[in-house]
Amino acid sequence: GESVGLHLPTLSVQEGDNSIINCAYSNSASDYFIWYKQESGKGPQFIIDIRSNMDKRQGQRVTVLLNKTVKHLSLQIAATQPGDSAVYFCAENKGGSQGNLIFGKGTKLSVKP
Amino acid sequence: KAGVTQTPRYLIKTRGQQVTLSCSPISGHRSVSWYQQTPGQGLQFLFEYFSETQRNKGNFPGRFSGRQFSNSRSEMNVSTLELGDSALYLCASSIGTDSPLHFGNGTRLTVT
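This structure is a prediction, so every number in the text was calculated from the model and none was measured. (Residues numbered from 1 in each chain as written. Chains lettered and ligands numbered in written order. Predicted model: local features only at pLDDT ≥ 70, side-chain atom pairs only at ≥ 80, totals over all residues. Heavy atoms only, no water.)

**Student:** Lay out the overall build of chain B with the relevant residues and their values.
**Tutor:** For chain B, the count of helices and strands is 0 helices and 11 strands. Listed N to C, the secondary structure of chain B is β-β-β-β-β-β-β-β-β-β-β in terms of helices and strands. The globule rule puts the C-alpha radius of gyration for 112 residues at 13 Å, and the 13 Å found for chain B is close to it. Considering only C-alpha atoms, chain B reaches an extent of 35 × 25 × 25 Å along its principal axes. Across the 112 residues in chain B, those meeting the buried criterion constitute 52%. Taking all contacts inside chain B whose residues are at least 6 apart in sequence as the whole, residues at least 24 apart take part in 53%. Entry remark: accessible area of chain B is about 5200 Å², with carbon and sulfur atoms responsible for 47%. Computed over 11 positive and 6 negative side-chain charges, the inter-centroid distance for chain B is 6 Å. (Helix = DSSP H or I, 4+ residues; strand = E, 2+ residues; numbered from the N terminus. Rg over C-alpha atoms; globule rule 2.2 N^0.38 Å. Buried < 20%, exposed > 50% of the residue type's maximum accessible area, 1.4 Å probe, protein only. Contact = heavy atoms within 4.5 Å. Areas by Shrake-Rupley, 256 points an atom, 1.4 Å probe, with all protein chains shown as cover. Lys, Arg positive; Asp, Glu negative; His and termini not counted. Charge placed at Lys NZ, Arg CZ, Asp CG, Glu CD.)

**Student:** Account for the nonpolar core, naming residues and giving values.
**Tutor:** The biggest cluster of nonpolar side chains holds 21 residues, and the ones touching the most others in it are Trp-34, Leu-46, Phe-64, Met-76 and Tyr-89 of chain B. Contacts of Leu-46 of chain B, omitting those with residues within four sequence positions, involve Trp-34, Tyr-35, Gln-36, Asn-56, Lys-57, Gly-58, Phe-60, Phe-64, Met-76 and Tyr-89 of chain B. Ile-21, Tyr-25, Trp-35 and Val-62 of chain A belong to the second-largest nonpolar core, a separate cluster that totals 20 residues. (Core = buried A, V, L, I, M, F, W, Y, C linked by side-chain atoms within 4.5 Å.)

**Student:** Any details on the state of the cysteines? Residues and values, ideally.
**Tutor:** Under the criterion given, the structure shown has 2 disulfides over all chains. Shown here is the disulfide that connects Cys-23 of chain A with Cys-90 of chain A, its sulfur atoms set 1.9 Å apart. The chirality of the disulfide connecting Cys-23 of chain A with Cys-90 of chain A is right-handed, given an S-S dihedral of about 55°. Of this pair, Cys-23 of chain A sits in strand β3 (residues 19-25) while Cys-90 of chain A sits in strand β9 (residues 86-93), and the two are 67 residues apart along the sequence. Bridging Cys-23 of chain B to Cys-91 of chain B, the disulfide has an S-S length of 1.8 Å. When the S-S torsion is -65°, as for the bridge of Cys-23 of chain B with Cys-91 of chain B, the disulfide is left-handed. Remark: Cys-91 of chain B occurs in strand β9 (residues 87-94) and Cys-23 of chain B occurs in strand β3 (residues 19-24); sequence separation between them is 68 residues. Pair check on accessibility: Cys-23 of chain B and Cys-91 of chain B agree, each one buried. (Disulfide = S-S within 2.5 Å.)

**Student:** So what's going on with the packing of aromatic side chains? Which residues, and what values?
**Tutor:** Under the criterion given, the structure shown has 11 aromatic pairs over all chains. Judged by centre distance (5.5 Å) and plane angle (85°), the ring pair of Tyr-36 of chain A and Phe-103 of chain B falls under edge-to-face. Within this pair, whereas Tyr-36 of chain A is found in strand β4 (residues 32-38), its partner Phe-103 of chain B is found in strand β10 (residues 102-103), the two belonging to separate chains. Between Phe-103 of chain A and Phe-103 of chain B the ring centres are 6.1 Å apart and the planes differ by 70°, which places this aromatic pair in the edge-to-face class. Residue Phe-103 of chain A is located in strand β10 (residues 101-103), and its partner Phe-103 of chain B is located in strand β10; the two belong to separate chains. Residue classification places Phe-103 of chain B among the buried positions, given a relative accessible area of 10%. Site record: aromatic cluster; members linked through ring pairs are Tyr-36, Phe-46 and Phe-103 of chain A together with Tyr-35, Phe-45 and Phe-103 of chain B. The ring of Tyr-32 of chain A is capped by Arg-51 of chain A, whose NZ or CZ atom sits 3.9 Å from the centre of that ring. Arg-55 of chain B extends its terminal NZ or CZ atom over the ring of Phe-50 of chain B, reaching a point 4.5 Å from the ring centre. (Phe/Tyr/Trp six-rings, centres within 6.5 Å; stacked < 30°, edge-to-face > 60°. Lys NZ or Arg CZ within 6 Å of the ring centre and 35° of its normal.)

**Student:** Explain the pairing of strand β6 (residues 53-57) of chain B to me, and be specific about the residues and the numbers.
**Tutor:** Where strand β5 (residues 42-50) of chain B lies against β6 of chain B, 4 bridges are found, and the strand directions are antiparallel. Across the sheet, Tyr-49 of chain B pairs through a bridge with Gln-54 of chain B, a residue of β6 of chain B. (Pairing = 2+ DSSP bridges.)

**Student:** Please provide a residue-by-residue account of the environment of Asp-98 of chain B, values included.
**Tutor:** When you line up the elements, Asp-98 of chain B lands in the loop between β9 and β10. When its relative accessible area of 35% is taken as the criterion, Asp-98 of chain B is described as partly exposed. In this structure, the C-alpha to C-alpha distance between Asp-98 of chain B and Thr-5 of chain B, residues 93 residues apart in sequence, is 21 Å. Excluding anything up to four places from it in sequence, Asp-98 of chain B contacts Tyr-32, Arg-51, Gly-95, Gly-96 and Gln-98 of chain A.

Structure (structure tokens):
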């Protein structure tokens, strides 16, 4: 069936380094992709999104890359800070309803001072 | 602008009881979705409401129900609680169906 998966369940980086969190998706009909950050005790927080007509989108210290050929999504965080420590989820949607939004299992990012 | 507000934050119930959770979306957001989050299953979609109508429903038993009011506020109800219903229940609102969801901090339900 359809699934959104993450290559690594945990990622540990040094403060100040760049982080890359990867995500594979399987539904070629998905045309909208979102990254969320979830800190302990809080709900997921929207970080950045990208539509299938784009390959790259940049935000503040974050960049999302979409490779439709291999159905791969990545989130790059520049100059990672301790406050970036959280679980990161990718999600894909083929449109029409939020019910079609599928979340990955998440990657836990730990930032070492 | 205030974010999504969920009440209560924590609930402890016993098996067989029922529970009602409340969600106030971001002002201007007409779409409200509910998710169940557990360590084993991750985020699972429960339902989506738009303009008081249930637009979509996830693969959960009929014990799980919801509704949306004319002011876009939403409630979900779980009847005949089971131990496996223990989870974080998240509400999210969005402007439309193809716009990003904005989540509240959830209601932590523990069933004993």
